[in-house]
Amino acid sequence: AQSVTQPDIHITVSEGASLELRCNYSYGATPYLFWYVQSPGQGLQLLLKYFSGDTLVQGIKGFEAEFKRSQSSFNLRKPSVHWSDAAEYFCAVTGTYKYIFGTGTRLKVLA
Amino acid sequence: KAGVTQTPRYLIKTRGQQVTLSCSPISGHRSVSWYQQTPGQGLQFLFEYFSETQRNKGNFPGRFSGRQFSNSRSEMNVSTLELGDSALYLCASSTRTSGAYNEQFFGPGTRLTVL
């Protein structure tokens, strides 16, 4: 069955620290992978996407993600977190089947 | 290019009433998907419309319905509202239907509160 797992429901980091949000997927076809960010009460904003090619993709706001087919993972990283990064982050996958979202990881940033 | 717009942004209704939410996709986008987001359930897929036809449907009761017009604008209707329908309803548009490697663009959502 197709699924997306974000194992960390909440993550807290200090401002300036590095960040890695985990995403694992199960998909029966070649996946397209996305990371979205949602600020409180807002819609989802696309951070980055992977369709093919270079497995390390760069996104907006200094985020990057690495696609690892052997591990079925698409982890999101940022070298230095800013207080404004506090939000909820969703991993999603699509392809020949419908869009599937993970349950989200809520990021808290300590000053 | 204007983004996805949703109206109204906030709505308060009472149990038993019905509500209609509207979504205008990005110009040129023919697919509109609706999601319900609640703290306990996360993002739940409601349905998708492409070229005025419902293409996919999630596991929601028949009280939830939708339609799409020839200009790709979509409406979602919830009849006989229940307290549990309180949620953020998100609309997303894309150029192609789901199952076709498409990228979705989301609107800001409509916050529905049922009292």
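Just above, that's the structure.
Residues numbered from 1 in each chain as written. Chains lettered and ligands numbered in written order. Predicted model: local features only at pLDDT ≥ 70, side-chain atom pairs only at ≥ 80, totals over all residues. Heavy atoms only, no water.

Draft legend 1. Main features of the packing of aromatic side chains. All chains considered together, the criterion is met by 17 aromatic pairs over all chains. Taking the centre distance of 5.9 Å and the plane angle of 50° together, the rings of A:Tyr36 and A:Phe101 count as tilted. In this pair, A:Tyr36 is assigned in strand β5 (residues 32-38) and A:Phe101 in strand β11 (residues 100-101), connecting sequence segments 65 residues apart. Grouping residues by exposure puts A:Tyr36 and A:Phe101 together as buried. Ring geometry for B:Phe60 versus B:Phe64: centroids 5.2 Å apart, planes at 65°, classification edge-to-face. Per residue, the accessibility class of B:Phe60 equals that of B:Phe64, and both read buried. An aromatic cluster of three or more residues is present, and its members are A:Tyr32, A:Phe34, A:Tyr36, A:Phe51, A:Tyr99, A:Phe101, B:Tyr35, B:Phe45 and B:Phe106. (Phe/Tyr/Trp six-rings, centres within 6.5 Å; stacked < 30°, edge-to-face > 60°. Helix = DSSP H or I, 4+ residues; strand = E, 2+ residues; numbered from the N terminus. Buried < 20%, exposed > 50% of the residue type's maximum accessible area, 1.4 Å probe, protein only.)

Draft legend 2. Quick peek at the interface of chain B and chain A. Taken together, the contact pairs 18 residues of chain B with 22 residues of chain A. Across the chain B/chain A interface, buried area totals approximately 1,600 Å², and carbon plus sulfur atoms make up 57% of it. Inspection of the chain B/chain A interface yields 1 salt bridge. The salt bridge partner of A:Lys49 is B:Glu103, with a shortest N-O separation of 2.6 Å. Taken together, chain B and chain A are joined by 5 residue pairs in polar contact (both at pLDDT 80 or more). Among the secondary structure elements, those contributing two or more residues to the side of chain B that touches chain A are β4 (31-38), β5 (42-50) and β9 (87-94) of chain B. (Contact = heavy atoms within 4.5 Å. Buried area = accessible area lost by both parts, 1.4 Å probe. Salt bridge = Lys/Arg side-chain N within 4 Å of Asp/Glu carboxyl O. Polar contact = N/O pair within 3.5 Å; in protein donor to acceptor, adjacent residues only side chain to side chain.)

Draft legend 3. Broad picture of unusual backbone geometry. A cis amide bond, omega -10°, links B:Thr7 with the succeeding residue B:Pro8. Mapped onto the elements, B:Pro8 comes out in the loop between β1 (5-7) and β2 (10-13). Positive phi, close to 60°, is recorded for A:Lys61, a residue that is not glycine. Here A:Lys61 lies in the loop between β7 (56-58) and β8 (64-68). Unlike most non-glycine residues, B:Thr80 shows phi in positive territory, near 45°.

Draft legend 4. Spatial organisation of the side chain of B:Ser31. Residues and elements named next belong to chain B. Here Ser 31 lies in strand β4. On the accessibility criterion, Ser 31 (0% relative accessible area) is buried. Side-chain polar atoms of Ser 31 contact the side chain of Glu 48, separated by 2.7 Å. In contact with Ser 31, other than residues within four places in its own chain, are Glu 48, Tyr 49, Phe 50, Ala 92, Ser 93, Ser 94, Arg 96 and Thr 97.

Everything listed here is a matter of geometry and, on its own, says nothing about what the molecule does.
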